[in-house]
Amino acid sequence: MTDRRFGVIIGNNGADNAAVGARYSEADMLPTLYHAEDDARAIFDVLCDPRTGMFDSADVRLFIGPDFTADQVKATLMDIVGRAGPTDALVVYFAGHSLTPDWSRATDTYLVTPDLNAADLERNPDAGLRMAFLKRDVLDVFPGHALLLLDCCRAGTLLTAPGRDFDLISVSGRQGAHYTALMACTAEGFAREDPRLGHGVLTYHALRAMRGEAADARGKVTFQSLGSFVTSQDISPEPGFVTQTWGRGTVLTRPGPPTAGRPAVPAAPDYIKTTPLENPLDRFVPAIRNLIDRISYGARNSIPVVEFLKTALDADSVAVLERTTAGFKPIDSTLRFDLEYAQDLLRAGDSMSPLWFGHRAADESRSLLCVPLRLGPGRVVVLAAMNPAPQWPAMGEPIATILKTVWRTGRSASPDELAIQVLTDLREAFGRLPRELYERYRRLHRRALQSLSMVFQPIVTIEAIGKHVGVHSFEALARRSLSEVSAPVALLQTAHVWGDGQVVERDEIIVAKALSAYADAHREGPWDVPRPVSVNVAVRSLLSDRYVGTLREALGAARLNPVGVTLEIAERDPIAPHPDEEWPGEPHAYFNQRLVNISRDLGIEFALDDFGVERSSVSRMAGLPFTHIKVDRAVLHHQTALETLDYVARSARHARDRGETNAPRMVIVEGVDHQSPVTLRQIYDAQIRQIQGYITQQPAAPTLRQLRDDVREDIAARVRG
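To start, this report covers the structure provided alongside it.

So, how was this worked out
Residues numbered from 1 in each chain as written. Predicted model: local features only at pLDDT ≥ 70, side-chain atom pairs only at ≥ 80, totals over all residues. Heavy atoms only, no water. Helix = DSSP H or I, 4+ residues; strand = E, 2+ residues; numbered from the N terminus. Buried < 20%, exposed > 50% of the residue type's maximum accessible area, 1.4 Å probe, protein only. Contact = heavy atoms within 4.5 Å. Areas by Shrake-Rupley, 256 points an atom, 1.4 Å probe, with all protein chains shown as cover. Pairing = 2+ DSSP bridges. Right-handed = clockwise from strand over helix to strand, strands pointing away. Expected span 1.5 Å × (residues − 1). Arc of directions from axis to C-beta. Salt bridge = Lys/Arg side-chain N within 4 Å of Asp/Glu carboxyl O. Axes fitted to C-alpha atoms, helices over the stretch in contact; angles between N-to-C directions.

Description of the overall build of the protein chain
Summing up its helical and strand segments, the protein chain has 24 helices and 26 strands in all. Within the span of the protein chain, comprising 721 residues, buried residues form 53% of the whole. Taking the intrachain contacts of the protein chain between residues at least 6 apart in sequence as the baseline, contacts between residues at least 24 apart amount to 68%. Of the accessible surface of the protein chain, which amounts to about 32,700 Å², a share of 51% is contributed by carbon and sulfur atoms.

Now the structure itself:
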């Protein structure tokens, strides 16, 4: 295959200063970045955009988050160099910190990856990602045209190599070099992020260029036109751009001509003043940020909720009260709260009205902030803060939303999860959030997802003979820690409030973690060949080429047979276009073809999850190419449970009975336990052979185990009735 376009896109927000600074005086120069990982994701998205990008996501590797290593980046680059031909192109992008060790005497610079450890470098200089490696082992030997974008400090050190007296990039210094570089600064310079832009400065203008502002008359953006566009902007420090005009220019994107055939819009006269429409929350961003920091501190230190709300609001006292028609009754309070003293201020608001969102009451010596926490018929639970700092009541309804969220989740959530839930509830209540709050959610959400652990719950084959009972497969489940038995449902579901991008990113992280952890668990497990494994996924993720690319990479990295991997499609998601989308054809038919294409491409299978609840309906079961049908535990507790199980089993056999397939679709009954009103004998009589639940006496765990002999005999006995 010729004319392939490869990419290695790297973004790293942070650096472990304890490790990085162990031997370097400049550790204090490595603060946490806010946009490097988002910048890398944005570069990946624009290059691989299915409409305008010129790169196949399968050929572009994205390294972000805290878990990738320098060795992984180098191995990926070396693999691409080994496979590429003279007509191929390679884009390498890096956003993050760079570091020049003291012992190197300014002759070598490292691009900081999450695993960089100073103690290793002096003994083994190749333990990190060196600029010298990019020059010697990638640029010098790549047979096609390599393109580098370096949005980092000291990016200009790429132009000189240790021990050489010529410029590696210039045409005169190296005959036949086929690469181009766009750098944020000189060898001694510093790159910078701009919170107003929400990006690193160099990356912001590079994205503008690739999205169309640098398009030529043919509507194409080459690396040369990108570099010319960026260097023409008023950027300080001024970026460096080294280019060679050999052969044809490498096209990065094809957004169409800058005007796309539209007539030019004349500039507005100078006397016209333009003001962007304001988000009502914009003016409160500093206050909201401050309040989130305060309540997160309280959660981190396990302070009772009323106590850390008192501190966060700078109040004299705080109480949670129940109000009925009989009056107010304390539920919880700080020591100094006096209900009699606050009684008239509390009654000033119409707290029994369903349209009441809270109020502030004050006289010459007192003020009270009162907001609803929970409303019910004839009863309302309120939070009352005496003499809070005036900036909090001034926020209006947002303060009520924040306090309600803190009361609902603050007693059990981690600091990050509490902040995530506060931001999510603000988003849900007020729509668009200011960019700073949106970016804060993304950072916290990604960090929380990356911290999750994966456990595996067995799906068990039942039979009437004990030795025939055993583990059929496993479902991968996310947990905050290995000691917890429940999923962090609230954390996982916040993504749906923030849109498809966050849903896709969540599912990318989960599937990569699940397949990697499963491969590790299998190596220590009792089976020579891996049992099948299933992972949950949202409908919108399966519509994303980005997710499919991540899944392909995760399968390859885990070295699992794709035939043994099943994606369970979540029941809560509609199969329908958004109001601003158009799908070709009927939605189920379009989605069906999408699943067929993914299955044909990757070799994986699909399951209908939680049949019988929400959108997991008969039409989905009948109209989509599922190999597995999972029946939700709620069905077992319904009065028509046996009829439903019989119907599902007959539907699963339908294609086989018509001669369309050799085997029926597998049916799995979820949530089977000792309290289930439907017995194993009844499930077995419905010709269903797989179950999942606590009746197997084997809870989800990070390791893979066979069933104990006594458990197998117990299940067989229950099947026999």
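Digging into unusual backbone geometry
One non-glycine residue with positive phi stands out, namely Asp314, at about 55°. Structurally, Asp314 is set in the loop between helix H9 (305-312) and strand E14 (317-324). Non-glycine residue Gln697 carries a positive phi angle of around 60°. When you line up the elements, Gln697 lands in the loop between strand E26 (690-692) and helix H24 (709-720).

What about the sheet that holds strand E4 (residues 98-99)?
Note on sheets: strands pair through backbone hydrogen bonds, and any given pair is parallel or antiparallel. Read across the open sheet, the 3 strands follow the order E4-E5-E6; overall the sheet is antiparallel. A single partner strand is all that each edge strand has here, and the edge strands are E4 and strand E6 (129-130). Bridging between strand E5 (residues 110-111) and E6 involves 2 bridges; their strand directions are antiparallel. Within E6, the position partnered with Leu111 by the bridge is Leu129.

Comments concerning the pairing of strand E25 (residues 666-670)
Taken across its 5 residues, E25 has 5 buried, putting it largely inside the fold. Neither face of E25 is left uncovered, since the one carrying Met666, Ile668 and Glu670 and the one carrying Val667 and Val669 both have all their residues buried. Looking at chain direction, strand E24 (residues 628-631) and E25 are connected through 4 bridges and run parallel. When the sheet's bridge partners are listed, Lys630 is paired in E25 with Ile668. Two elements, E25 and E26, share 3 bridges in a ladder whose sense is parallel. In the sheet register, Val669 faces E26, and the bridge partner there is Ile691. Taking the sense of rotation as the criterion, the β-α-β connection linking E25, helix H23 (residues 680-685) and E26 turns out right-handed.

Structural notes on helix H3 (residues 70-83)
Its 14 residues give H3 an end-to-end C-alpha distance of 20 Å, which sits within 8% of 20 Å, the value for a rise of 1.5 Å per residue. Taken as a whole, H3 has its buried residues at Ala70, Val73, Lys74, Thr76, Leu77, Ile80 and Val81. Down the axis of H3, the buried side of the element spans an arc of 160°, and every buried residue falls inside it. Residues of H3 that are buried in the fold lie against strand E1 (5-11), strand E2 (60-63), strand E3 (89-95), E6 and helix H5 (131-139).

Brief notes about the pattern of salt bridges
A complete count under the given rule lists 43 salt bridges for this structure. For Glu505, the salt bridge goes to Arg442, with nearest N and O atoms at 3.7 Å. In this pair, Glu505 sits in helix H16 (residues 500-523) while Arg442 sits in helix H14 (residues 435-450), placing the two residues 63 residues apart along the sequence. Look at Glu505 and you get buried, because its relative accessible area is 1%. By relative accessible area, Arg442 is classed as buried at 12%. The residue Arg523 makes a salt bridge to Asp520 at a minimum N-O spacing of 2.1 Å. On the criterion of helical spacing, the pair formed by Arg523 and Asp520 is a turn pair, its members being 3 residues apart in helix H16. By relative accessible area, Arg523 is classed as exposed at 55%. Taken together, the shared-partner salt bridges connect Glu37, Asp38, Arg442, Arg446 and Glu505 into one network.

So, the sheet that holds strand E22 (residues 565-569)
The strand order around the closed barrel formed by 8 strands is E19-E20-E21-E22-E23-E24-E25-E26, and the pairing between neighbours is mixed. Ignoring strand direction, the axes of neighbouring strands in this sheet form an average angle of 30°. When strand E23 (residues 605-611) meets E24, the two strands line up parallel, connected through 3 bridges. Within E24, the residue paired with Phe611 across the bridge is Val631.

A word on the side chain of Thr113
Mapped onto the elements, Thr113 comes out in the loop between E5 and helix H4 (118-121). With near-sequence residues (within four places) excluded, Thr113 lies in contact with Asn12, Phe68, Ala70 and Leu129.

So, the pairing of strand E17 (residues 367-376)
Of all 10 residues making up E17, 7 are buried, and the element is well covered by its neighbours. Following strand E16 (residues 359-362), the chain reverses through 4 residues before pairing antiparallel with E17. The sheet contact formed by E17 and strand E18 (residues 379-386) spans 8 bridges and is antiparallel. From the neighbouring strand, Leu368 faces E18, where its bridge partner is Met386. Here E17 folds back onto E18, and the loop between the two strands holds 2 residues, one of which, Gly378, carries a positive phi near 70°.

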